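# Commentary on secondary and tertiary structure
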Amino acid sequence: MRPESLTFLTKLLNTPTPSGDEARGQRVWLDYVTPFADTVETDTYGNALAILNPQGTPKIMVEGHADEIAFQISYIDDEGFIYFSGVGGHDPSLARGQRVHIHGRNGEVLGVIGALAIHMQAGKKQEVPELHELFIDIGAANRKEAEKRVAVGDLITYIVGWQKLNGEIYIARACDNRIGTFVAAEVLRLCAKAGKKLKAQVVAASAIGEENGLYGAEMIGYSVKPDAALVVDVGQATDIPVTNKKRFGDTKLGKGPILSRGSVNHPVLIKRLEDVAVKNKIAFQRGIDPRRSGTDADAIFLQKGGIATAAIGVPNRYMHTPVEAVHLGDLENLALWLTAFILDLKPGETFKVKI
């Protein structure tokens, strides 16, 4: 990967961007895309857009969501211990013993999610608690001391950074889904580099609030109204021992992005993407979305009477854990693929199912 792109990806993933407080991560993204865009803009809730060749047609939006799963303080007890709720989908069994940052009004506060020592578990395995039964210890003596540093409503993220596992496989807590916004930024950069070869308008989008309910995607789908939307999110990599491939399919890290068929995925757009991949010898994997995609595509495709939309996944091991794993080659190939697709479009090209 280009060193400047890897530096950007590292900073993007290391910047806490919990649902409901995405501004810091959005600033990192905007700083990177601005030199490649004709214009950049943000909206009321902090969705970020970078627009290239605004007079071109068709208008293609490449979108990912910036937010990550998090926790939020719900209660502080008399002893200064902090109780919390989940923001997005969590596995409570992973939380005990983790270090966290509480993002308070006066900066980040270190905390640890408490766990009962194995010696004190009365000879039997401790049951997995509900999230509301877990607590965070910030070393406060009582509630008054704790409330000088944190408050009900403060957001919380795990302290886990972007780190090389081996070769081109990297791990981080928030690959879902700032790798999607990274790909959108790289497509914008590559399209800008193409110069006069670009006929279409490109809108790179970094949306807020996906983990809470696809909120940002619904906003920008309505306001941007693209002719086609390419939604980049993570997809389940099933190349680990405990996965049921008969149920979840066979997808691997490093073997290319996942192009799914079904539900929200527009058949004409999917076929066009397939043809471009074959023409350019870009490897991809196949997946299905039999009912819904579980991504921002589910909100975007419904807007303005229907927007041609495709949900494209980057294979990701251990989704919604502090050690999500992705392959850099999959990110690069996806950026090249979507760029090749955009450059292959004819002025004014449309996407419509023929009856």
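Scroll up a little and you will see the structure.
So, here's what we can say about the structure. Fair warning: this is a prediction, and the values are worked out from it, not measured in the lab.

The rules behind these values
Residues numbered from 1 in each chain as written. Predicted model: local features only at pLDDT ≥ 70, side-chain atom pairs only at ≥ 80, totals over all residues. Heavy atoms only, no water. Salt bridge = Lys/Arg side-chain N within 4 Å of Asp/Glu carboxyl O. Helix = DSSP H or I, 4+ residues; strand = E, 2+ residues; numbered from the N terminus. Pairing = 2+ DSSP bridges. Axes fitted to C-alpha atoms, helices over the stretch in contact; angles between N-to-C directions. Contact = heavy atoms within 4.5 Å. Patch = residues over 30% accessible without salt bridge, like charges linked within 9 Å, V, L, I, M, F, W, Y side chains within 5 Å. Areas by Shrake-Rupley, 256 points an atom, 1.4 Å probe, with all protein chains shown as cover. Buried < 20%, exposed > 50% of the residue type's maximum accessible area, 1.4 Å probe, protein only. Core = buried A, V, L, I, M, F, W, Y, C linked by side-chain atoms within 4.5 Å.

This next bit is on the pattern of salt bridges. Using the criterion set out here, one finds 15 salt bridges in the structure. Linking R143 and D78 is a salt bridge whose minimum nitrogen-to-oxygen distance equals 3.2 Å. Of this pair, R143 sits in helix α3 (residues 143-147) while D78 sits in the loop between β4 (70-76) and β5 (82-87), and the two are 65 residues apart along the sequence. A single network of salt bridges, built from pairs that share partners, joins R272, K279, D344 and E349.

This part covers the sheet that holds strand β17 (residues 324-327). With antiparallel pairing, three strands are arranged side by side in an open sheet as β10-β11-β17. Strand pairing shows two members of the sheet lacking a second neighbour, β10 (163-166) and β17, which therefore form its edges. On average, each strand axis in the sheet is tilted by 35° relative to the strand beside it, whichever way the strands run. Pairing between strand β11 (residues 169-172) and β17: four bridges, direction antiparallel. Its bridge partner lying in β17, Y170 is registered against V326. Across the sheet, helix α10 (residues 328-344) lies against β11 and β17, angled at about 55° from β17, the strand it touches most.

Pairing in this open sheet of eight strands is mixed, and the strands run β1-β2-β12-β3-β13-β16-β14-β15 from one edge to the other. Each edge of the open sheet is held by one strand with a lone partner, namely β1 (39-42) and β15 (285-288). This sheet shows a mean twist of 25° between the axes of neighbouring strands, independent of strand direction. In this sheet, β15 lies alongside strand β14 (residues 258-261) in parallel orientation, the contact comprising four bridges. The partner of S260 across the bridge, within β15, is G287. Sheet strands touched by helix α2 (residues 23-33): β1, β2 (48-52) and β12 (201-207). Its angle to β2, the strand with the most contacts, is close to 10°.

Moving on: a nonpolar patch on the surface. A contiguous nonpolar surface patch, about 320 Å² in accessible area, is contributed by V268, V353 and I355. In this structure, V268 sits in helix α8 (residues 267-279). Of the residues examined, V268 reaches a relative accessible area of 31% and is grouped as partly exposed.

Another point: the nonpolar core. With 61 residues, the main nonpolar core has W29, L273, W337, L338 and I342 as its most contacted residues. Here this core gets ten residues from one element, more than from any other, and that element is helix α4 (residues 175-194). Apart from residues lying up to four places away in sequence, W29 is in contact with F8, L12, A48, L49, A50, T181, A185, A204, A205 and S206. In this structure, I82, L134, I136 and V150 belong to the second largest nonpolar core, which totals 20 residues.

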